Number of protein chains: 2
Amino acid sequence: MAEKVLMVVCDGLGDRPVDALDGRTPLESAMRPNLNHFAKKGACGIMDIIAPGVRPGSDTAHLSLFGHDPYKVYTGRGPFEALGVGMEVRPGDVAFRCNFSTVDDKLNITDRRAGRIRERTEELARSLDNWESSGVKVYFKEGTEHRGVLLLRAPGLSSEVTDADPHKEGEKPHDVQPKNPGAALTAKVVNDFVKHSYDVLKDHPVNKDRVKAGHKPANIVLPRGAGIMPHIPSFMERFNIRAAGIAGVALVKGICRVAGMDIIDVKGATGGLGTDMNAKLDGALKALATYDLVFVNIKAADLCGHDGDHKGKMDVVLRIDRAFSILKKDLPSDVYLAVTADHSTPVSVKDHTGDPVPLLLYGKGVRPDSVKSFDEVACAEGGLGRLRGFDLLPMMLDLAGRTEKFGA
Amino acid sequence: MAEKVLMVVCDGLGDRPVDALDGRTPLESAMRPNLNHFAKKGACGIMDIIAPGVRPGSDTAHLSLFGHDPYKVYTGRGPFEALGVGMEVRPGDVAFRCNFSTVDDKLNITDRRAGRIRERTEELARSLDNWESSGVKVYFKEGTEHRGVLLLRAPGLSSEVTDADPHKEGEKPHDVQPKNPGAALTAKVVNDFVKHSYDVLKDHPVNKDRVKAGHKPANIVLPRGAGIMPHIPSFMERFNIRAAGIAGVALVKGICRVAGMDIIDVKGATGGLGTDMNAKLDGALKALATYDLVFVNIKAADLCGHDGDHKGKMDVVLRIDRAFSILKKDLPSDVYLAVTADHSTPVSVKDHTGDPVPLLLYGKGVRPDSVKSFDEVACAEGGLGRLRGFDLLPMMLDLAGRTEKFGA
């Protein structure tokens, strides 16, 4: 009888020594009896999520944690931006990062960011979404501020096309060119979409209001950075297991979906600071009754890292630790638990860094080591040594008796 | 504001336990308070410069330390031999290892090493250097003893040619053949050069003197082992940083140059045992005022390793340690320091081995560990774990805030 796997990723948890904390990290400085309990009973190590010194994005990091080599499956930002704004993305879809921009009546670009528009872009996006051209389904969704995502769906599309966005002002939108004959349809549809966006947006009520208020109209969309979503083999295809993800952030949810997980929505669990961590771990325990692998992302520590807030990050650790009392109490004995991070977000840097992340692995049969606490410094001397992010999943599945022998 | 990076490579420093030192290594046995200071304050680990058990050459080792995969950029010994004898080598240049040899008047090879000639080869080489054939610039320089390097420069050369050297005596020089049509020009020029070398050398005053003294004349040059210098992207191209190298040995200087470093010549700093280590580290500190990355190679420990001289190697460590007092005193707080070796040269082996080398990493934000001294044994239990040589540079640049995120 095979066992089960629970992977808890505390987003951006890793940090560097903080002067205000006497040279300790926020994780080291926070009371964390429950995390330490699992560290003591289990084995610890550190992980380079992609490779030593490589700064992971949230997208490449989660691909790696799900056992994929991001250098092979990460095919440009477009499709992952689409996941990030909550669009459904299927293998073969081609997606583009876009700007809402301003053109004059001769189509010369006067502002690539449409006066840094921040409001009512969802209304503009809705008027462009769900269109069709030459048999290609066209989807569009707003992102933050002046940003948006264009997604094309049809058989035989290609990401080998140039940008419509000339990347500077004073020019007209560039005619999108196929880089090879197989990309002709894709190029045509993007060109059609750019024209269409002008036709629809130039007299859009939102733009009329903007002009009235003295703001630049967001009267055209300029796509760039085409990327095609590869087929990422699912957990079922790879390991014959049922996998579920619990996450608040759209990008992480989207990557769970393309990796072949079911998404479990948990009440009160968001991607924000106020997320209900207990609800997430409760939800994970429930999901383990029907799934072989459950993944949980808790975003909050990353937000404090980006804000440079070491006190906030310590507080997040306290809350994560309290939530872990649920696992201490109720984790079934047939479950292997990993606790780690997708990257470091040091409060001194306010961005992701390539510093390795702490890792603990707990469950029946895990060889113990002498590490007694869960933090970046203690785990670095643990029995698991220094691993890569994409090593974690195979290790857990092997412990759980879910992998095939290589050879005889 | 991004920080800076100082990488100090003590050539051949790594060793194995020495019986005469009660089973300790020369590094372990020498007083090294300054190196230990940085080990205590920083983090330590060990590195396989290329891969576990792979014996690095000085060329492949430094390529790896500069963040390149030597299996990708090391394109045969020719171009690196050329760097080793101090020739300028540019991307696209094709270089050959050569022997001065002896032929009789029917061009049969009677001695592939020209009586193991040791003297006045620079006079012979000078008479062959700076020639031209079929529009190809031809350079030649002597190496140690009977060795030399032939370098061809022109657009469109190829390393896909056979050897002129038949690798045995009693035969005539082989006619160099192109392995594909694109190598025809290269083959022709090498054949021209072999003939030319005989024409120039057969009555050369040096050879007249040799024959008079009863020695075999060095009356022909036999090239072998063609290699083309690849384009190795510079530090500026890869990371947008200015890099400088301080080294005494021609090969290391040459690799610094092809990797895109400026070479800083420091008075008294040689590649020999008597090198002025203080001058090198002083020079490094000065260079850090204008460069983002400074690399220093200190050769002396390797020489003692090759000589099997454990006392000499301990003495070199003492001198290196004393020089490090300069860094202890004056290393700016915005500099990340790494101290390591390019390979082990155990005194018991008298050659490079694949044993991992010790590594220490020091600077603001480096997570501490419990290692208190800098040596092969202590570092093996450090918080950095076990890394590859080409991981070091990305890790340092990540600490210094000099890298791009992979993904979003």
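Residues numbered from 1 in each chain as written. Chains lettered and ligands numbered in written order. Predicted model: local features only at pLDDT ≥ 70, side-chain atom pairs only at ≥ 80, totals over all residues. Heavy atoms only, no water.

1. Here we look at the overall build of chain A
Note the cut-off: Helix and strand labels come from DSSP, where a helix needs a run of H or I of at least four residues and a strand needs a run of E of at least two; each type is numbered from the N terminus. Atoms counted for the radius of gyration: C-alpha only. Globule rule: 2.2 Å times the number of residues to the power 0.38. Only protein chains enter the accessibility calculation, which uses a 1.4 Å probe; a residue is then buried when its area is under 20% of its type maximum, exposed when over 50%, and partly exposed in between. Any two residues whose heavy atoms approach within 4.5 Å at even a single point are treated as in contact. All accessibility values rest on the Shrake-Rupley procedure with a 1.4 Å probe; residue burial counts only the protein chains present in the view. Asp and Glu count as negative and Lys and Arg as positive, but His and the ends of the chain are not part of the count. A charge is said to be at NZ when it belongs to Lys, at CZ for Arg, at CG for Asp and at CD for Glu.
A tally of helices and strands in chain A yields 15 helices and 15 strands. The C-alpha atoms of chain A give 23 Å as radius of gyration, which agrees with the globular expectation for 408 residues (22 Å, within 12%). By the burial criterion, 58% of the 408 residues in chain A qualify as buried. Counting only contacts in chain A whose residues sit at least 6 apart along the sequence, the fraction spanning at least 24 positions is 72%. Carbon and sulfur atoms form 50% of the exposed surface of chain A, whose accessible area is close to 16,300 Å². Treating the 55 positive side-chain charges of chain A as one cloud and the 55 negative ones as another, the clouds have centres 1 Å apart.

2. Quick look at the packing of aromatic side chains
Two numbers describe a pair of aromatic rings. These are the distance of the centres and the angle of the planes. What counts, and what does not: Here a pair means two rings of Phe, Tyr or Trp (six-membered ring of Trp) with centres within 6.5 Å. Their orientation is stacked below 30 degrees between planes, edge-to-face above 60, and tilted elsewhere.
For the structure on display, the rule yields 17 aromatic pairs over all chains. Between Tyr74(A) and Phe406(B), the ring centres sit 5.4 Å apart and the planes meet at 80 degrees, which makes this aromatic pair edge-to-face. In this pair, Tyr74(A) is assigned in the loop between helix 4 (70-73) and helix 5 (77-84) and Phe406(B) in strand 15 (residues 405-406), connecting two distinct chains. Across this residue pair, the class does not change: Tyr74(A) and Phe406(B) are buried. When the ring of Phe38(B) is compared with that of Phe324(B), the centres are 6.2 Å apart and the planes differ by 70 degrees; the resulting orientation is edge-to-face. Linking Phe38(B) in helix 2 (residues 33-41) with Phe324(B) in helix 13 (residues 310-330), this pair joins segments that are 286 residues apart in sequence.

3. A short note on the sheet that holds strand 13 (residues 357-362) of chain B
Residue and element names in this part refer to chain B. The criterion, for reference: At least two DSSP bridges between two strands are needed for those strands to be called paired.
Across the sheet, which stays open at both edges, the eight strands sit in the order 10-9-11-1-12-13-2-14 with mixed pairing between neighbours. In this open sheet, the two edge strands, each paired with only one partner strand, are strand 10 (262-263) and strand 14 (385-388). As judged from the six bridges shared by strand 1 (residues 4-10) and strand 11 (residues 293-298), these two strands associate in the parallel manner. Residue pairing in the sheet places cysteine 10 in a bridge with isoleucine 298 of strand 11.

4. Focus: the sheet that holds strand 13 (residues 335-340) of chain A
The mixed open sheet is built from eight strands, whose spatial order is 11-10-12-1-13-14-2-15 (chain A). Across the chains shown, the open sheet's two edge strands, defined by having one partner strand only, are strand 11 (262-263) and strand 15 (385-388) of chain A.

5. Some points on the nonpolar core
Operational definition: In plain words, nonpolar cores are sets of buried Ala, Val, Leu, Ile, Met, Phe, Trp, Tyr and Cys residues tied together by side-chain atoms within 4.5 Å.
One finds Leu6(A), Phe235(A), Leu293(A) and Phe324(A) to be the most contacted residues of the largest nonpolar core, which totals 101 residues. If we ignore the near neighbours within four places in the chain, the residues touching Leu6(A) are Ala284(A), Leu288(A), Val294(A), Val296(A), Leu327(A), Leu331(A), Val335(A), Tyr336(A), Leu337(A), Ala338(A) and Met396(A).

6. Some points on the environment of Arg224(B)
Residue and element names in this part refer to chain B. Rule in force here: What qualifies as a polar contact is a pair of N or O atoms within 3.5 Å, subject to a donor-acceptor requirement within protein and to the restriction that residues adjacent in sequence count only when both atoms come from side chains.
As for its placement among the helices and strands, arginine 224 is situated in strand 8 (residues 220-228). Relative accessible area serves as the criterion here: at 15%, arginine 224 is assigned to the buried category. Note: C-alpha distance between arginine 224 and glycine 268 (44 residues apart in sequence) is 36 Å. At a separation of 3.3 Å, a polar atom in the side chain of arginine 224 contacts the side chain of asparagine 99.

7. Things to note about the relation of the copies chain B and chain A
Mapping between the two chain copies consists of a rotation about an axis together with a translation along that axis. Keep this limit in mind: Least squares is the method used to superpose the copies, on C-alpha atoms of residues holding a pLDDT of at least 70 in both.
When chain B is fitted to chain A, the best match, at an RMSD of 0.2 Å, comes from turning it 123 degrees and sliding it 0.0 Å along the axis. Here the copies are linked by what is in effect a three-fold axis. Across chain B, the smallest distance between a C-alpha and the rotation axis is recorded for Gly385(B), namely 3.6 Å. With a heterologous cut-off of 20% or less, the 4% of interface residues of chain B that recur at the interface of chain A puts this contact in the heterologous class.

8. Considerations on helix 11 (residues 277-287) of chain B
All names here are of chain B. Among the eleven residues in helix 11, eight count as buried, and that is most of the element. Met277, Ala279, Lys280, Leu281, Gly283, Ala284, Leu285 and Ala287 are the residues of helix 11 that are buried. For helix 11, the elements touching its buried residues are strand 1, strand 9 (243-246), strand 11, helix 12 (300-307) and helix 13. At the N-terminal end of helix 11, a side-chain oxygen is found 3.2 Å from the backbone nitrogen of asparagine 278, two or three residues along, and the residue is aspartate 276.

9. Considering the pairing of strand 8 of chain B
All names here are of chain B. In terms of burial, strand 8 is largely enclosed, as seven of its nine residues are buried. Across seven bridges, the pairing between strand 3 (residues 94-103) and strand 8 is antiparallel. Within strand 8, the position partnered with phenylalanine 100 by the bridge is valine 221.

10. Quick word on the environment of Pro346(A)
All names here are of chain A. Structurally, the position occupied by proline 346 is in the loop between strand 13 and strand 14 (357-362). The spacing of proline 346 and lysine 280 is 66 residues in sequence and 24 Å in space, taken between C-alpha atoms. Once residues within four sequence positions are removed from consideration, proline 346 is found in contact with Gly14, Asp15, Arg16, Gly305, Lys313, Asp351, Thr353 and Asp355.

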